[in-house]
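Single-letter residue listing:
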Amino acid sequence: MSTATLTTDLAALTANWRDLDSRTACETAAVVKADGYGLGAAEVSRALAAAGARHFFVAVAEEGVALRQALGEGPSISVFSGHMAGDTDLIAGAQLTPMLNSVDQMLRHVESLPGHPFGLQLDTGMNRLGMEAAEWDAVKAIALGQSPTLIMSHLACADTPDDDMNARQLARFREMTDGIDAPRSLAATGGILLGTEFHFDLTRPGIGLYGGLPFVDARPVVTLDIPVIQVRDVSPGETVGYGNAWMAGQPSRIATISSGYADGIIRAMGPKARLHAGDMPVPVAGRISMDLIGVDVTTLPGDPETLQLVGPHQSVDTVADFADTIGYEILTSLGARYRRVYRT
Ligand SMILES: *Cc1c(COP(=O)(O)O)cnc(C)c1O
């Protein structure tokens, strides 16, 4: 078998959820959009529900329908994109709670599903989703008359604790919601770490559950082991891979491993990327191809059977740095071809 193995440590995932939960006095939800940040929303959510999570967030209604099938009745499932045209049957059928983002969405919701639970998303400066202050003032009385399940907003710079934007958004959120009798939520992973005043009634961590920054104390959740298909000697002056981008400067040994950019190993990583054989780092040699990568294993005492891209020696954020991106993109790019193993 030559497919790589992606192992998700569900015990580490639930430990991360409990750790983040222990840092607040309020409820801790779980964000499982984009198929649980690429790790499998059904498996991830079932483990988190067993650990005590009662509130899940997804990006779009279709994800909510699949999640309801995985979780069954009970946990609440909220949808960040709100109530879009065409979503009504999905929202009603799977008992989803849309986070309404505009007056249009609110009208659509109360007209098509009167009495069905909803939350509200406010814009406090990110200018991405949610009602702005003027819009909110216009519908506040009507909205609050229908007992929203949650009033939420999202921080743009929470991964940078000393950015003034955090305090500005907190102040704006308070101006828009102080005195209101509904649960409030402002913090994702970064917001939890900013401190108590950002916590309100419910937090919405995503990346921290999966072992990513800015949760520096997170336990690693993901391991990616890639089989070596072939190993060969190359002489000084010989080249490896497309475009002859790597040339041996000394007698070298090259392992060809069975994954590539079609599996989410971003091609731009090539020149900086390393893998590990046990705890020994080995550099990529040449360009990352669609399904294959050359790795310079000259320094190893023997030929490896597999090489590890993500694991205890190299976090998703280190791998992200190879491509000047973030751990979130590495996780959500993880390929469909991997054999997926869940450790409990
Ligand atoms: C993705 C997302 C989250 C989770 O953010 P993390 O940084 O992954 O913890 C929370 N709230 C909203 C609105 C989001 O879009």
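Just above sits the structure.
Figured I'd write up the structure that's included with this text. (Residues numbered from 1 in each chain as written. Predicted model: local features only at pLDDT ≥ 70, side-chain atom pairs only at ≥ 80, totals over all residues. Heavy atoms only, no water.)

## Description of the site of the ligand
Part 1 of the reasoning: In the vicinity of the ligand, 14 residues are found, and the nearest of them are Lys33, Tyr37, Thr189, Ile207 and Tyr328.
Part 2 of the reasoning: At a separation of 3.4 Å, a nitrogen atom of the ligand approaches a polar side-chain atom of His154.
Part 3 of the reasoning: At 2.8 Å, a backbone N or O of Ile207 approaches an oxygen atom of the ligand.
Part 4 of the reasoning: Of the residues in the shell around the ligand, the class split is eight nonpolar, three polar and three charged. (Near = heavy atom within 4 Å. Polar contact = N/O pair within 3.5 Å; in protein donor to acceptor, adjacent residues only side chain to side chain. Nonpolar A, V, L, I, M, F, W, Y, C, P; charged D, E, K, R; others polar.)

## Side note on the environment of Ala323
Part 1 of the reasoning: Checked against the element boundaries, Ala323 lands in the loop between helix H10 (316-322) and helix H11 (327-332).
Part 2 of the reasoning: Linking Ala323 and Val60, residues 263 residues apart in sequence, is a C-alpha distance of 28 Å.
Part 3 of the reasoning: If we skip the residues at most four places from it in the chain, Ala323 touches Ile266 and Met269. (Helix = DSSP H or I, 4+ residues; strand = E, 2+ residues; numbered from the N terminus. Contact = heavy atoms within 4.5 Å.)

## Here we look at the packing of aromatic side chains
Part 1 of the reasoning: Here the structure, examined in full by the defined rule, presents four aromatic pairs.
Part 2 of the reasoning: Judged by centre distance (5.0 Å) and plane angle (10 degrees), the rings of Phe57 and Phe80 are stacked. In this pair, Phe57 is assigned in strand S4 (residues 55-58) and Phe80 in the loop between strand S5 (76-79) and helix H5 (88-93), connecting sequence segments 23 residues apart. The same class applies to Phe57 as to Phe80, namely buried.
Part 3 of the reasoning: Through a chain of ring-to-ring contacts, the aromatic side chains of Tyr37, Tyr210 and Tyr328 assemble into a single cluster. (Phe/Tyr/Trp six-rings, centres within 6.5 Å; stacked < 30°, edge-to-face > 60°. Buried < 20%, exposed > 50% of the residue type's maximum accessible area, 1.4 Å probe, protein only.)

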